[in-house]
Each structure stands twice: as C-alpha cells, then as structure tokens.
Amino acid sequence: MVEESSRIAGPGLRADARRNRGRILVAARAVFAEHGIDAPMAAVARRAGVGVATLYRRFPTRDDLVRAAFAQQMETCARALTEALADPDPWRGFQRLVETACELQREEQGFSAAFVAAFPDSTVEHAQARERAERDLMTLVRRAQAAGALRADFHPSDLAVALLSHCGLVTALPRDGAASRRLVAYLLQSFRAEAAHGALPPPSALSLRGLPLAADGSRRQRPSKN
C-alpha cells in the first residue's frame, strides 16, 4: 500500500513534492532578503536542500519563483488597495494602505524588490494588472486631495520616495519596529494637507515601477526571467 506521505496531496502534488515546494518558498524569501531578488537560483536550491533541477521543475523562471514566494504579501497589498478605495474616508484608506505596505516591508525584507517585480510587463495580463493598480492608486490620491485631507501638491513619486526611505530604514534596522512605525507616522503627517506650508521642490521622476529596492540598498536592474 502506498505510504500516506507519498499519496497525492492537492492538485497534482504528492505530499513530499508539496513539502519541497514549501521549503523552496521559505528559502527563496530568506535568500532574496539577504541578497536581493537577483540572487542565483542555485543559492535558493542550496538553502532549501533540493537540487537545482527540482527548483526549476517547480518554478521554471525567476518571475515564477518571486511571485510564488511573495504571493501572500502581494495579495495583502491588493486587498489593502481595494479596501482603501472602498473606505468612505479616503484619507483613512490612504493611510492604512501606506501602513500595510510598510508593515510588509518590515516583516519580509525581500518584499520591496518583489513588489516592484511582481507584475513584469512581459504579458498583456501582467501589464494590465500593473496599470490597474496604478490607476486605482491615483483614484485614491485624488479622492483624498478632493476631501482636503491629502496635500494638494502630493505627487505619486512622493509615495515611491517614502517606500524607498522606509526600505532603507528596515534594511539597516530590521528589528527596530519602533523606528519603522515612527518614520511611517512622520511621513504620513507630512502628507496631510495641514502640513503644507510653502512650496516644495519639484517632484522626483521616481515611480513605484522603477524603485531601486535591493537587499543591500543599492540600485539593481530588474533580473532576467532565468
């Protein structure tokens, strides 16, 4: 009789295959946190204790591995944006969205780079998903500005700069939750309409799509698919 651990568990995966998949995803998050999402796939396989062939059998491309490793975090972000748009108080929705993104940066050191790379424009579906998220974010920003809560000169690049700043802090101080929460509070207060005193310098050309979020804080090009 076939052992229980070797029986099919879930759609198309034996229990041991499912365990391998779980080990690979845990290892991927750890390796990406330490070395960025352009870390060698072989390093992930070694950390997981599986062969490179096993890794590629489960995740044929790096994009596949990145999206699977941070699928839960990406779902959390997507849900936070949906909830922010549904909130009758647009400032509260905006605030909670920023807090959620920063919480995920703090909890998963590799998430920042994964967030940028999660929807590459390699397919129509991915491009549409990215464009929809960017469009929804702009809708939320305009609502908060129309309500008089978000400063009128807020620019989308300001959010990118804020996330990059927070990423640098959590990279340098990964265990200092108090510093993270205080920085986020400072940033959110600076975004309030009542904090607008005098003109700001021109906005950055930075966007969420182009954030240079590597594990060591350096600028890295988006990795190739393999």
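Use the structure listed above.
Residues numbered from 1 in each chain as written. Predicted model: local features only at pLDDT ≥ 70, side-chain atom pairs only at ≥ 80, totals over all residues. Heavy atoms only, no water.

**Let's talk about the overall build of the protein**
Each helix and strand counted, the protein has 10 helices and 0 strands in total. When the helices and strands of the protein are listed from N to C terminus, the series reads α-α-α-α-α-α-α-α-α-α. Out of the 226 residues belonging to the protein, those deemed buried represent 41%. (Helix = DSSP H or I, 4+ residues; strand = E, 2+ residues; numbered from the N terminus. Buried < 20%, exposed > 50% of the residue type's maximum accessible area, 1.4 Å probe, protein only.)

**Quick notes on the pattern of salt bridges**
Throughout the structure, instances matching the rule amount to 8 salt bridges. Note that Arg67 and Asp64 form a salt bridge whose closest N and O atoms lie 3.4 Å from each other. A residue pair is termed a helical-turn pair when its members lie 3 or 4 positions apart in one helix, as Arg67 and Asp64 do in helix H4 (residues 62-69) at 3 residues. Given a relative accessible area of 23%, Arg67 falls into the partly exposed group. Residue Asp64 is classed as partly exposed on the basis of its relative accessible area of 28%. Each of Arg96, Glu99 and Glu103 takes part in one network of salt bridges that share partners. (Salt bridge = Lys/Arg side-chain N within 4 Å of Asp/Glu carboxyl O.)

**Quick word on the packing of helix H6 (residues 90-107) against helix H9 (residues 156-172)**
H9 packs onto H6 with a crossing angle of 30° between their chain directions and a minimal axis gap of 10 Å. Judged by the angle between their axes, H6 and H9 are roughly parallel. Helix-helix and strand crossings are classified by hand; for H6 and H9 the assignment is right-handed. For the pair H6 and H9, contact is made by Val98, Ala101, Cys102, Gln105 and Arg106 and by Leu159, Leu163, His166, Cys167 and Val170, respectively. Here the contact of H6 with H9 is built from residues that sort into 7 nonpolar, 2 polar and 1 charged. (Axes fitted to C-alpha atoms, helices over the stretch in contact; angles between N-to-C directions. Parallel < 35°, antiparallel > 145°, perpendicular 65-115°, else oblique. Left-handed = near helix turned anticlockwise from the far one by under 90°. Contact = heavy atoms within 4.5 Å. Nonpolar A, V, L, I, M, F, W, Y, C, P; charged D, E, K, R; others polar.)

**Considering the packing of aromatic side chains**
Tallied over the full model, the rule gives 5 aromatic pairs. Taking the centre distance of 5.6 Å and the plane angle of 35° together, the rings of Trp91 and Phe94 count as tilted. Taken together, the positions of Trp91 and Phe94, both in helix H6 and 3 residues apart, correspond to about one turn of that helix. Residue Trp91 is classed as buried on the basis of its relative accessible area of 8%. Here a set of aromatic residues connected by ring pairs shows up, and it is made of Trp91, Phe94, Phe154 and Phe191. (Phe/Tyr/Trp six-rings, centres within 6.5 Å; stacked < 30°, edge-to-face > 60°.)

**A word on H4**
Burial within H4 is extensive, with 6 of its 8 residues counted as buried. For H4, the full list of buried residues reads Arg62, Asp63, Leu65, Val66, Ala68 and Ala69.

**Considerations on H9**
An ideal rise of 1.5 Å per residue puts 24 Å on 17 residues; H9 measures up with 25 Å between its terminal C-alpha atoms. Among all positions in H9, only Ser157, Leu159, Ala160, Ala162, Leu163, His166, Cys167, Leu169 and Val170 are buried. (Expected span 1.5 Å × (residues − 1).)

**Remarks on the side chain of Thr61**
Checked against the element boundaries, Thr61 lands in the loop between helix H3 (52-58) and H4. The class of Thr61 is buried, set by a relative accessible area of 18%.

**A word on the side chain of Asp87**
Take Asp87: it is sitting in the loop between helix H5 (71-86) and H6. Residue classification places Asp87 among the buried positions, given a relative accessible area of 18%. One polar contact links Asp87 to Arg92, side chain to side chain, over a distance of 2.7 Å. Filtering out sequence-adjacent residues up to four positions away, Asp87 remains in contact with Arg92 and Gly93. (Polar contact = N/O pair within 3.5 Å; in protein donor to acceptor, adjacent residues only side chain to side chain.)

Function cannot be read off these values alone, since they describe shape.
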